Amino acid sequence: MRIILKKVSLFFLALFVFNIIHAQGVKGKVTDKSGQPISGATVSATASAATTTDAEGNYTLTLQQGSYQITYSFVGYEPQTLKTAVAAGFTDQNVILELSSTSLGEIIVTGTRALGRSKLASLSPVDVIPVAQVTNNIGQVDLNQILNYIAPSFQSSRQTVTDGSDHIDPAQLRGMGADQVLVLVNGKRRHQTALVNVNGTVNKGTVSTDLNSIPASSVERIEILRDGAAAQYGSDAIAGVINVIIKKNTGLTGSVSYGSNVTEYEKDYFANKALGTNNGKTSVTDGGTFQAGLNYGTKLLKKGYVNLTAEFTQRDASNRAGTYYGQIYPYTAGGTPTSQQIIDNDNAILASNGLTRSDFDLRFGNAKVKGIGTFVNAALPVNDQVEAYLFGGYSSKHGEAGGFYRYPNAVPAAIRSNVLQVYPNGFLPLIESDVQDFSLAGGFRGNLAGWNYDLSFTHGQNSFGFTVSNSANYTQAITSATFPTTFDAGQLRFAQNTINFDVNRRFDVLSGLNFAWGGESRVETFAVTAGEESSYRNYSPTSGITGGAQVFAGFQPTNAGKNSRSSYAAYIDLEQDFTEAFTVGAALRFENYTDFGSTLNYKLAARYKITDNIALRGAISTGFRAPSLQQRYYAKTNTLVNNGVFYEAGTFTNDSKLAQGFGIPTLKEETSQNFSVGTTAKIAKGLELTVDAFSIKVDNRIILTNLFSANGNTYLDSILKANNANSANFFANAINTKTQGIEAVLSYNTNFGIHALRLTASGAFLKNEVEKNDDGSVRINATPILVESGQLGNYFNRADQSRIELGTPQNKVTFIADYKVKKFSVFLRATNFGRVTSWSTVTTPSLNIISGAQETLDQTFTSKLVTDLAVSYDIIRNLKFTVGANNLLDIYPDKFNHSGNSSSGRFVYPNLVQQHGFNGRYVFGRLSFKL
């Protein structure tokens, strides 16, 4: 074996030396009209190779001898093509690019391995979001919110009163699951979070990638591939791919911003009716957010670069809780009190304590967050043919969010005296998070014997630590008023190590053939660490009192553990230009996972240029998503109470004996079929249109079930008791879904004299549907045992169905106008978030205290138009001040139309479906500079 490896090494070394000695091609520098170097510009030769410029705008393109049409392009600049003759040695060719009045010059790197394709020439739709250019004009400070208001196919809204999901915002593409979109950074797979979204909101049961762990100040642009790409990139790329491109420019840039919510809302909407009050809207100023970001880039030695980013964010909590109209204090006068007597009793005690009902509010809004984020992006040429590179980042954020208030009346009578000695007026338990995120990627890329190669290693890890404060373990208060109020509830950790080897070359076949191949090896690890004993233990199991920390019981030792898996992949990727007008792409990828087996996926795509300005494109592909390790091994047991009855309930692993006893199918990968067709058109100078339609069918989609009980089955009851539980839920491949839609982008960019105008109108119109039987009922992937148990409603119910089909906007339309003249610029954006619907599992009508009628709890929330406005002024050449408002007109979602959904008045607005959030108007100011 050593002899073989030695011979192979000598062979490649000989090729490497030969290539250096006999190299020829073109080299030079790319600048703008002012002479400033353009870093990252693409330099590509027809039917040959391609490269990008370094931090100083320099490039070297190795070519065979001959005549070439070499194209120079960069986002925001007019591409330039020069006919160049290459002889022995390198030809010097410097190029000056001019600012573009059209976006045609945007060259993409996502969805294609053929360098030099513009987004209009791509075989699949790709959005290019120039984050570095737009952040100074908007109030959003994190990537999720930036994308939510710019990219119509992207959706992310902050969660509230959902445990860990309050601290990490799940994000969707094309209305699909948060785990059905693949995130890349500089083209390398990004790791997911350790957190599993287990509450009943949109994205229940999914594991997302935390885009907000990447500092926005470090990002040059984001490319969103809106097409199935599992055959190109592997698991998760069912809905598409988000590729975050990190800055590599030189110079110093930075910004400081502060903003807060300045709004008013109907806090007493339900309480007015229940309590007989007549309070109007409540004015609020909260959620103050401070952010400071600094980015510095410099050349490394002569031809390399290093770019560093540091960012600090502090966000105060916001609160849009309604006034609670339920019982707060115990009624001690004797007898059975009327509703009015309970209200009078509460009011008297509140008055004597100098309190109001507002002192018992939930925290229904954004969690309080403080965090730092850093990132580095560097490259250093080893010689003219080889470049070493390194990029990665670290972020740390600490959050604080609330659960449900524990009112004095709700504290169990047996321990009420002891608990109220510590918390005389009850308590609002808090969940504090400690989220650490780290990533590092490095490798070598270059050209060897005409082949472009990239060998890399990527490591990523995320940890989520839970601390519960302002709380109590009720079973410790049975005998004493001395008990801990803060608990270490445990930690989740996820790590991913990936080795990639990618090779590509362009051949003179017809009008050009780009041939790419490569392989990947990945190892993933998920671990659960138990919390301290008092966070989960029931110290008095026979007392009928719930054990564990109130609001979030800690992970138990039986939940703890560490599990890993490996996967291996190999792919080929072809793009053949048959003529200048007709291109076909094909990809084939094989992957093998140690925990479920192998999968083979393909993609075929084509583009045909009808005229110089109009083209058709389409694609067909298969895809897959491997069940995440979190979905395979997350387990947690809690003590719950229902109508005074205490029971143990928890999430158990899919391969447990308990899951087998209930007939839960063995967890396996999701599979998909993706079809798309579209057109691109350059209607006039600066005016471009893209329209794409798509259909994505997903089989064996993974969901988190609802709670199962023995339901009178003695066999199931014995299994539950053996696991110290009364009910349980699981991850399972329960359903099949179909997502269809049309996406369109119309843009117009023009410069006239000292004026510059950029207009964009874009929209996504989606339909998500769970597969149905002929009679209209949902088709369930269930085993005979599960069917016979009579609990299919616990497996997947109508609330779960509405969460997938109707829980996110079925359409979103955005209009953006960006106008600049001399030192002034105005940014105007209007985003229409489509309607969403929430179905309840309770279909029997109940009394609505607002309407006085018997009504069901189902509700559709109408579409909302949110307007953002910002005005900027260049104080001096490189110093800009911006002031503006997000949601200028203070638009809120529809209020709940049924008091039964309001949790006794505490929820005025919906928290289980997503539109644009419920914080109201946000006013901000920002100072940014560039040196």
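Cut-offs applied
Residues numbered from 1 in each chain as written. Predicted model: local features only at pLDDT ≥ 70, side-chain atom pairs only at ≥ 80, totals over all residues. Heavy atoms only, no water. Helix = DSSP H or I, 4+ residues; strand = E, 2+ residues; numbered from the N terminus. Buried < 20%, exposed > 50% of the residue type's maximum accessible area, 1.4 Å probe, protein only. Contact = heavy atoms within 4.5 Å. Areas by Shrake-Rupley, 256 points an atom, 1.4 Å probe, with all protein chains shown as cover. Lys, Arg positive; Asp, Glu negative; His and termini not counted. Charge placed at Lys NZ, Arg CZ, Asp CG, Glu CD. Salt bridge = Lys/Arg side-chain N within 4 Å of Asp/Glu carboxyl O. Polar contact = N/O pair within 3.5 Å; in protein donor to acceptor, adjacent residues only side chain to side chain. Phe/Tyr/Trp six-rings, centres within 6.5 Å; stacked < 30°, edge-to-face > 60°. Lys NZ or Arg CZ within 6 Å of the ring centre and 35° of its normal. Pairing = 2+ DSSP bridges. Axes fitted to C-alpha atoms, helices over the stretch in contact; angles between N-to-C directions.

Chemist: Would you explain the overall build of the protein chain in this entry?
Modeler: Looking only at helices and strands, the protein chain has 14 helices and 45 strands in total. Seen through its principal axes, the protein chain has C-alpha atoms that stretch 105 × 65 × 55 Å. Looking at the 931 residues of the protein chain, the share that counts as buried comes to 57%. Across the protein chain, every contact between residues at least 6 apart in sequence was considered, and the portion connecting residues at least 24 apart equals 71%. Taken as a whole, the protein chain presents about 36,400 Å² of accessible surface, with 57% of it coming from carbon and sulfur. Taking the 79 positively charged and 72 negatively charged side chains of the protein chain as two groups, their mean positions are separated by 4 Å.

Chemist: Hey, could you run me through unusual backbone geometry in this one?
Modeler: Among all residues except glycine, the phi angle is most often negative; among peptide bonds, the trans geometry is most common. For L301, which is not a glycine, the phi torsion comes out positive at approximately 55°. Examined against the element boundaries, L301 turns out to sit in the loop between β17 (282–300) and β18 (304–315). With phi around 55°, N887 is a residue other than glycine that occupies positive phi space. As for its placement among the helices and strands, N887 is situated in the loop between β44 (879–886) and β45 (922–930). What makes N887 buried here is its relative accessible area of 6%.

Chemist: I would appreciate a short explanation of the pattern of salt bridges in the present structure.
Modeler: Side chains that carry opposite charge are capable of pairing whenever their charged atoms lie near each other. Counting across every chain of the model gives 42 salt bridges. One salt bridge connects R589 with E520, and the closest N-O pair in it is separated by 3.7 Å. Of this pair, R589 sits in strand β26 (residues 582–593) while E520 sits in strand β24 (residues 513–529), and the two are 69 residues apart along the sequence. E520 carries the same exposure label as R589, and that label is buried. Salt bridges linked by common partners bring E520, R522, E524, R565, R589, E591, D595 and R632 together as one network.

Chemist: I keep staring at the side chain of D437 and nothing clicks. Help me out?
Modeler: Turning to its location among the elements, D437 is positioned in strand β21 (residues 430–448). Judged by relative accessible area, which is 4%, D437 ranks as buried. Side-chain polar atoms of D437 contact the side chain of R190, separated by 3.0 Å. Beyond its immediate sequence surroundings of up to four residues, D437 is in contact with R190, H191, S213, G393, Y394, S395, Q461 and N462.

Chemist: Could you clarify how one ought to interpret the packing of aromatic side chains in this entry?
Modeler: Each aromatic ring pair is characterised by the separation of its centres together with the angle its planes make. A complete count under the given rule lists 37 aromatic pairs for this structure. Relative to Y634, the ring of F555 has its centre 6.0 Å away and its plane inclined at 90°; by these criteria the two rings are edge-to-face. Residue F555 is located in the loop between α8 (533–536) and β25 (561–577), and its partner Y634 is located in the loop between α9 (629–633) and β29 (636–642); the two are separated by 79 residues in the primary sequence. Following the ring pairs from residue to residue traces out a cluster consisting of Y324, Y329, F360, Y405 and Y407. The aromatic ring of F694 is capped on one face by R174, whose charged end is 3.7 Å from the ring centroid. Over the ring of F555 we find K636, and its NZ or CZ is 5.6 Å from the ring centre.

Chemist: Is there a simple way to think about the sheet that holds strand β5 (residues 66–73) in this case?
Modeler: Backbone-to-backbone hydrogen bonds pair the strands of a sheet. The strands run either parallel or antiparallel. If you walk across this open sheet you meet the four strands as β3-β2-β5-β6, and the pairing is antiparallel. Taken across any chain shown, the strands that pair with only one partner, and hence form the sheet edges, are β3 (50–52) and β6 (80–86). Strand-to-strand, the axes of this sheet are offset by a mean angle of 20°, without reference to chain direction. Relative to β6, β5 runs antiparallel, the two being bridged by seven bridges. The residue of β6 that forms the bridge with G66 is V86.

Chemist: When you look at the sheet that holds strand β13 (residues 188–189) in this model, what are you seeing that I'm missing?
Modeler: Here five strands make up an open sheet; going across it, the order is β9-β14-β15-β12-β13 and the pairing mixed. Every other strand in the sheet has two partners, leaving β9 (126–129) and β13 as the edge strands with one partner each. In this structure, strand β14 (residues 219–225) lies alongside strand β15 (residues 240–246), joined through six bridges in antiparallel fashion. Residue pairing across strands places I222 opposite V244, the latter belonging to β15.

Chemist: How do you make sense of the side chain of T599 when you look at a structure like this?
Modeler: Within the secondary structure, T599 sits in strand β27 (residues 597–609). A distance of 3.0 Å separates polar atoms of two side chains, one belonging to T599 and the other to N601. Those residues within four positions of T599 in sequence are excluded, and the remaining contacts are R589, F590, E591 and F624.

Chemist: What is the right way to read the environment of D868 from this model?
Modeler: Structurally, D868 is set in strand β43 (residues 864–876). Under the relative-accessibility criterion, D868 is labelled buried at 1%. In the structure, D868 is positioned 777 residues away from T91 in sequence and 50 Å away in space, judged by C-alpha atoms. Beyond its immediate stretch of four places on either side in the chain, D868 contacts Q140, Y149, F827, L828, R829, A885, N886 and N887. At 2.8 Å, the side chain of D868 and the backbone nitrogen of N887 are in polar contact.

Chemist: It is not clear to me how the environment of F391 should be interpreted in this structure. Could you clarify?
Modeler: Within the secondary structure layout, F391 lies in strand β20 (residues 386–402). Distance from F391 to F896, taken between C-alpha atoms, is 47 Å for residues 505 residues apart in sequence.

Chemist: Would you mind going over the pairing of β21 with me for this structure?
Modeler: When a strand is regular, its side chains alternate between the sheet's two faces. For β20 and β21, the ladder comprises 17 bridges, and the chain directions are antiparallel. Across the sheet, residue G393 finds its bridge partner in β21, namely S439. The sheet contact formed by β21 and strand β22 (residues 451–469) spans 19 bridges and is antiparallel. Along β22, the bridge assignment pairs Q436 with S463. Taking the residues that link successive antiparallel strands as the turn, the β21-β22 hairpin has two residues, and the phi of A449 there is positive, at about 55°.

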